[in-house]
Structures are given as C-alpha cells and as structure tokens.
Amino acid sequence: MLLYMLIFVLLSPGNRSTHKAAGEAESILIDSGWEMRQADSDEWYPAEVPGCVHMDLLKNGLIAEPYYRDNEEKQQWIDKEDWVYRTSFSVPADMFQKDMLELNFDGLDTYADVFLNGTKLFSANNMFRTWPVDIKKVLAKGNNELVVYFHSPIKMAEPLWDSLGYPLPASNDDSEMGGVGNKKLSVFTRKAGYHYGWDWGPRFVTSGIWRPVYLNSWNGVKIENVQFIQESVSIHIAEIKSVVSIRASRRNATAIIISNKQTGEIYVSKVVRLRKGNNQIPLHFTISEPSLWWSNGLGQPHLYEIEVKLASDQVTLDRDIQNIGIRTIRLITEKDSMGESFYFELNGHPVFMKGANYIPNDVFINRVSDEKMESIIKAAADANMNMLRVWGGGIYENERFYDLCDEYGILIWQDFMFACSMYPGDYDFLASVEAEVRENLIRLRNHPSIALWCGNNELEWAWFGWGLNRKFKWSETDSTRIRSDYIRLFEEIIPATVALYDDRDYWPSSPSFRSYGPHLDRQGDRHLWDVWKGSRPWTLYLNKVPRFMSEFGYQSYPEMSTISTFALPEEQKLDSRVMQLHQKARNGNQRINNGVSREFGDWTSFPDYVYLTQLYQAYDVRFGAETHRRNMPHCMGTLYWQLNDCWPVASWAGIDYEGRWKALHYAIRDIYKPIIVSIVNDEEMIKVFAVSDLLTETKARLSVQLLKFNGEILYSDSLPIIIPQQTSQVYFSIDKKRLLSNTEQDEIVMLARLSSPDNQTIHENTLYFGRNRELKLSRNFNLKKSVTKNKDGTYSISLSTDVLIRGIFLSTPGQTDFFSDNYFDLIPGKPKTIRWVPGSGNADIGLLTIKTLNEVLNG
Ligand code: BMA
C-alpha cells in the first residue's frame, strides 16, 4: 500500500485559501495509494481519486473507451455492480496532537458507506453534498485504512421506484439503454441527471469519489466560511458586511483581521470573544473609490483579493483568502407597458444578456482538465458572451469554473440540479436537498459572477404545458401530491434557504411564465423549441419574442475529424448503428434533415451533409439571437441551447467535445458584438438597425450596398449616425420595390457596414433574398489564396474572389488547430485574411482544405 501525503492549505468547501503559516490549521490531501475492486471480486486495481469507476476500469484496461463506437451499450453492466475503494495513510505526530481531526469528502457519487479502520463513519446518498466527519476517536497513530463502499445507484433506487406507487416522469432518463425497462430511477437519487442519459448525452451511471478527500486538523479555532454582503455600492464607496463563521474547540479570544492582499490595506481588525462551537461574527468595512466588477463587454471584471485572518498573540491561527468583485446585480421583474420586465441590472445599468446554456464538459467529470475548462470559458468570452446558464441536469460546477467566470466577466444563471422530471417529496429527500442547497450556496455565494439562483429546468413548464396528467394517468390524489411536493421544494424550501444564506434573487424555474395563456411573451423567461421540434423555419423567431429567451437552438453534427474519433470510416454515414448511437434526440436526424433540405436541398456525401448541418444551425441560431437583440428593451437576453458537449455527438452545441468551434460559435461571436448592424427584410421595406449594448453613445457611419454576386454595385448609400447607449433603432430604410426593381433576387446580396470615424469596421452584416438553395451561387469562382508564416508561428491565409462565395470552411486535420474566422462569406472586392493557429497532433498548413457552399450546392 502506498503512503503519500501532501500538506497544504486548508480548503474546506467555503474556503479558497492559498496560504498556510505556522500554527495554522492543516490539511492533508488523501489522493494517493487508492485501489479499487468490484465488490464481488478479490482483485484490487490502482485507482485515481478524485475519479470514478468507469475511468478506473478504463485506465486498468478492463473496459474500452466508453465513447468509442457502440461501447456505451456494452458498458451498462457497470452501474448494476457495487464497487469498493481503499487507501491507507498515516498522520504526522504533531497533527495527531491537534484538538480537532476531521475527514472531509468534498463529493461522493453517490451511495457510499465510509469506513476508517473498520469503523463505519457515515453513509452518503447525495452527490452534491460534502461529508465532513470527526475522526479523532477512530484515527490510529500508525497506519489508517480508509474504505469506501459504493452501492449500485441502480440497485439502491429500484426499491424506491417499486414502492412509490405512481410513476414520476423523467423523459430524458434512458432507462431502456440501461436495461431497466421503464424504470426512471434518476429522480430518486441526488446525482447528476445527465448521467442517466439525455437527448445529447450517453448513459453512464458511474460511481466514485469525484471530489477530493482531505484530512483537516486544527487547534482552537477554524474559519468555516466567510460571507461578504455588499450592503451598498457606488463608484465612491462600497459598504460591506462580512460574516465570519468560526468554529472554536474551546472558549477563547481571537483577533480577526480583514485585509486586501494586493495592497496590504487593513480594512478591519477586531478582537472577539468566541464561545465553544459555532460563532458568527459580523464585521463591517468600506472600500472607497472601488474598482467595480463589470461583465464582459462593459468593463473590467475587477477582483479584490481579500484575506480574513484569525490571530492570537501575533500567531496566525487560520486564514481564508477569496476573490470578490464589488458590484450590484439584480433581476428586475416589474410591471411595465409590455407586461412585466425581465432583465438583469448590473451596477445600476440594465444589461442585455448574451450567452448560452452550459452543460458539464464530460460525463466523467474528472476528465475535464483545467486547460479544457479554461478553453471553454475563454471561448464564451471571446464570443462576446456575458452570461452562461448552468443548467439543472448537470452538476454544481467546481471552483475552477466559477473562478474563470469571475475572471472573464461571465455572469452565471445558476440552476439548482433538477431538470425535466418530477421528484419525490418525502422527508429524507427534502432534507437531503435542503442540505445540498445550503452547502452549495455557502460554497458559491461570494463569486461575483453568480447573478441568479433558479429552482430548476422546465419543471414548471412540464407541469402546466406537457400534459403530464393525461400522459401518466395519475389519480387525483397522486397528482395533487406531486404538485404539492413541487411547491414545497421550489416555492418554499429552496427559496427560503436561498434567502437565509444569500442576498441574490431567486427565480423558481426556467422557464417561468407566472401565468399561462396568450401572455407568454409579455413576462418571464421562455424556452422556444417550436423551430427545432416543430421543424419550423427560423423566421418564426420574428413572431415569438419573449422578455428573455433562456433556451432555443438547433442541432448539428460535429466536424468529420471529431466523428472520426468514435466511428470507423465505414460507419461514417447517417444510418450506421454507431452514428445512430451518437444521436440521442428523438427524431433528431429527421428534424436536422427537415431544416437542411428546406434550406439547402439535397446533399451528395456525408461530409457535405455534416457541413450543411453546421451552416444550418449557425444561420438559424444567429437569426434568432439577432432578432432578440433588435427587440431590446422588450427582450433583454438570449441564451441559446447549448454552449458545449459532454461527449462526441450530434447536438445543439456550438463547441464540440474535441473543443472545435462549429459554424455556430463563429456566427454567435459576430452577432454578440457590443454593437451590431442588422438588416430586416420587412413586408414592403428593407430596414437597417443598429443595436448597441454599450453604456455610452457611439458615433458611426452606416453604409449600405446592394451587390450582384459578380461584384457589380447596384445601389450604394452612406450616412453618419449617432447610436445612443443601450438602444436598438432603425437608421435607414428603403422601399423594397424601388431597391429591387430590375434585378434578379437570386443573385444579389445587401451589405451593411458600421464604421468608426477613423473608418475601422465596427460590424458588417448581409441579407440574401431567398433560401440558400434558390441562390445562384456559382461554382465558377476564382478563389485566390496566399499563405504566409508569421513570426509567432501562426499563419496568415489571405483570400480573395471574383464572385461571391458563401460558407467558406477551412479545415486541417490537426487536433487543436484554430482559425480566427471560419464558415464565412467572401465578397468580390473584399479580400479577407484569416489567422491559422496550429495546434497539437497533425498540424500542417499543407493539409489545408477548403469547402464552399457554392460547390456543395452544385455538387
Ligand atoms: C431543453 C433543455 C434540455 C434539452 C434541450 C434539448 O429543454 O432543458 O433538457 O437537452 O432542451 O432538447
């Protein structure tokens, strides 16, 4: 048995310390020497903690890569087994003498019995909770054996399902794949919903020690957590009330010193008397002339590094360091002329939210490296997003995620972890949820990025809009019970817990309309799925503009290089079994095909099809987001479904599992710019809007042109404009008949450009007059390409053309290669230079290929 210990800072769930001094509380990370076995086998294998059963089986060569081909089907046995983990450790003598010795499991997934030296410490049953336990009496001076026994999550939930007496809906729980028939077991277990399968995710109901295990020791006092409540914030002064929660092993007097780590300034220092047990000490301080925290696009997300120190006679006893942002954030829902508002106000300013819904980056959460996490958040920021919604079927993310959002200025709409299902309401379940909510509030509440707590994903909508009563044929008693369980959880317990531990707003469900009927677009937030599920053209977004769009989207396939990671060449076709296993949405391919063929007509090869699905998705979602932005301030936010993927699959994501940007992510980056120009093809008029999210007015020049695909200019105009802050207005309109007389509509494009007084492009946009398949996109173009290598190792690819080319898609086989722009149109007379950043793997500019819509449509 290996023995390895790492002494480092105290890191309990409420704390993010980075320092340790003599005399302080200490922590040992218990991450070494772990082994695992199947419960009914004697054979032990090396294991990784944090980690999970599937990844340990993979690393030991006992299963193949779960995402490859049809391995998902072959690995369903794993969740029906019990698994055992063990390690051993010893404790330094000085630590052994301390007053308090605690083991802390930051996360156990999910049904686990924990034993130390043969004594059972506790049983866990909620993946989202932490499990601190006093081990002073059980700890041995020499070797200590720690064992964690995981019960099968399937076997544990089955009796609960069997005894409930009525079915609870969980439409995404792929119980059939799991081999348990119609038993939707996910709702009984406080575990990530998407582990049971989703309409973009596989089913792997894993088990494991998914977050770190620590041995914490301390004498006298320990900081449990610190809350920073911003009582008032202005550009002159921030008044902050901190509440320091301290545990004391005996009565004593301690100094609490709160200071700024960056400047050394001491904000407050006070000696307090502590009683044995828990102490809550309020301390007020002010920060004058504060640098405010702003969301991406509006300013710097300034962070203050605040240290809270406990000391006695100049000796530091414990400390806690956190990055906080000074800002106010509120959700404003007030009656107005259009119904009821729904917008976020940051530092007193309404802010239009531009973003996406976020899911975990992997089914096996510990596979997500820090680099991958950062690349996803950075990609969101690079795409001009200012909000992500952490969707309720996944997990409360790790610290790294929220730290990155703090640093990149990305606001978070945080769901609690409930999605698309109905849940039990017995005492144990509710108590478990209450503890989960409390712990996550305490862990996350100091992050400036968090803007809103939201009860769940789509439960309210499901109840009122999905005809559940009819579908499940519940008796009146059962139906009343399910509804009252819902109300108890999402309208009583969770909001009351939020109010107790944080001062942010709570929204009961996404979407929540408050009332049903013809008012859907006048109040609340909305998920609009009519375009995808109803196979309707994207122009439908024009007629259904809500106060805040928190979900809408369209599926596409990931690039061929991503498909090649899971399908053999002969399987790379739509009807192969492997491809079908990597399309989880009901009628998914049919719906993709409806859109693609309506817009582009027939396709001839699978790679062309994949490319068309991406273009379709990009054009569709971009059209929606552009519509929402034009409709501000009626609509004050647009979050499409979904930012990222958790495995390689056909999905709504804009960034695929391999990190490749789909056409959608490029398109969204463009249409989320702080200022955009937008051309609307109305009944009789063509109208050109400018939309600004900025807090100051902008002087610009608006130029419009009507061009033939061969470059001939048919119409041209330009005018100076002033775009007031945070507005959407029409600056130019022209009678359609006048503009389009004497031209064929299938060979023209309208261009609009906003430029600054020094002629820098602010934004450009185009309008075509017809579906793509109707356009006369010519194969006979002369695309000139020149490539130069830059000093920094990147390449510049300069492109120009004699006739308009749509949807230029550049690709190389390199794994993490990046193009500064892609899937764009190239207009005669407007050359374009793209930067290529070679990545890992087979990065070679000589292998560059170019696909165009002009060729694919004329294939
Ligand atoms: C939304 C989400 C997810 C789902 C997506 C696509 O309603 O909340 O549950 O994956 O639709 O169907």
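Cut-offs applied
Residues numbered from 1 in each chain as written. Predicted model: local features only at pLDDT ≥ 70, side-chain atom pairs only at ≥ 80, totals over all residues. Heavy atoms only, no water. Near = heavy atom within 4 Å. Areas by Shrake-Rupley, 256 points an atom, 1.4 Å probe, with all protein chains shown as cover. Nonpolar A, V, L, I, M, F, W, Y, C, P; charged D, E, K, R; others polar. Helix = DSSP H or I, 4+ residues; strand = E, 2+ residues; numbered from the N terminus. Buried < 20%, exposed > 50% of the residue type's maximum accessible area, 1.4 Å probe, protein only. Salt bridge = Lys/Arg side-chain N within 4 Å of Asp/Glu carboxyl O. Contact = heavy atoms within 4.5 Å. Pairing = 2+ DSSP bridges. Axes fitted to C-alpha atoms, helices over the stretch in contact; angles between N-to-C directions. pLDDT = per-residue confidence, 0-100.

## Concerning the site of the ligand
The local shell around the ligand consists of W198, D199, W200, W391, C420, N457, E458, W529, K533, E551, W641 and W652. Compared with its free state, where it exposes 300 Å², the ligand has 98% of that area covered by protein. Grouping the constituent residues of the shell around the ligand by class yields 7 nonpolar, 1 polar and 4 charged.

## Notes on the environment of E340
Residue placement: E340 occurs in strand 23 (residues 339-340). What makes E340 buried here is its relative accessible area of 7%. Sequence spacing of E340 and D521 is 181 residues, and the spatial spacing of their C-alpha atoms is 9.6 Å.

## Some points on the pattern of salt bridges
Counted by the stated rule, this structure contains 51 salt bridges. Of the charged contacts in the structure, one is a salt bridge between E599 and R771, with a shortest N-O distance of 3.7 Å. Pair noted here: E599 is in helix 15 (residues 588-600) and R771 is in the loop between strand 40 (761-768) and strand 41 (784-789), with a separation of 172 residues, a long-range link. With relative accessibility at 4%, the residue E599 sits in the buried group. What makes R771 partly exposed here is its relative accessible area of 27%. With a closest N to O distance of 2.9 Å, R806 and D825 form a salt bridge. Of this pair, R806 sits in strand 43 (residues 805-811) while D825 sits in strand 45 (residues 824-826), and the two are 19 residues apart along the sequence. When its relative accessible area of 8% is taken as the criterion, R806 is described as buried. Judged by relative accessible area, which is 17%, D825 ranks as buried. Through salt bridges with shared partners, a single network forms among E102, K222, E224 and R247.

## Observations regarding the environment of A39
Along the chain, A39 turns up in the loop between strand 3 (35-38) and strand 4 (45-46). Discounting chain neighbours no more than four positions away, the residues touching A39 are D82, W83, V84 and Y149.

## Quick word on unusual backbone geometry
Of the consecutive residues V49 and P50, the connecting peptide bond is found in the cis state with omega at 0 degrees. Among the secondary structure elements, P50 is positioned in the loop between strand 4 and helix 1 (53-59). Here the bond from M632 into P633 is cis, since omega is 10 degrees, no more than 30 degrees from zero. As for its position among the elements, P633 is in the loop between helix 16 (606-630) and strand 33 (637-640). The backbone of N384 shows a phi angle near 65 degrees, a positive value even though the residue is not glycine. On the secondary structure map, N384 appears in the loop between helix 5 (370-382) and strand 27 (387-390). In the Ramachandran plot, K473 falls in the positive-phi region, its phi being about 50 degrees despite a non-glycine side chain. Judged by its relative accessible area of 71%, K473 falls in the exposed class.

## A closer look at helix 6 (residues 399-408)
Those residues of helix 6 lying buried are E399, F401, Y402, L404, C405 and D406. Buried residues in helix 6 make contact with strand 26 (353-358), helix 5, strand 27, strand 28 (411-415), helix 7 (427-444) and strand 29 (450-454). Count one or two residues on from helix 6 and you reach G409, which has phi positive near 75 degrees.

## Some remarks on the sheet that holds strand 43
If you walk across this open sheet you meet the 3 strands as 45-43-47, and the pairing is antiparallel. Strand pairing shows two members of the sheet lacking a second neighbour, strand 45 and strand 47 (849-851), which therefore form its edges. Along the sheet, successive strands turn relative to each other by an average axial angle of 45 degrees, direction set aside. Summarising the sheet, strand 43 and strand 47 pair through 3 bridges and their orientation is antiparallel. From the neighbouring strand, S811 faces strand 47, where its bridge partner is T849. Packing of helix 16 onto the sheet brings it into contact with strand 43, strand 45 and strand 47, and relative to strand 43 it is tilted by some 115 degrees.

## Quick word on the pairing of strand 37 (residues 713-723)
Direction of pairing for strand 36 (residues 698-708) relative to strand 37: antiparallel, over a ladder of 10 bridges. If you follow K699 over to strand 37, its bridge partner there is I722. Linking strand 36 back to strand 37 in an antiparallel pair, the connection comprises 4 residues, with G711 at a positive phi of about 100 degrees.

## Overview of the confidence of the model for the chain
Across the chain, the average pLDDT comes to 95, with 97% of residues at 70 or higher. Of all helices and strands in the chain, the one with the weakest mean pLDDT is strand 1 (residues 6-8) (32), whereas strand 28 scores best (99). Between residues 1-22, whose pLDDT stays under 50, and residues either more than four places distant or in other chains, the model counts 83 contacts.

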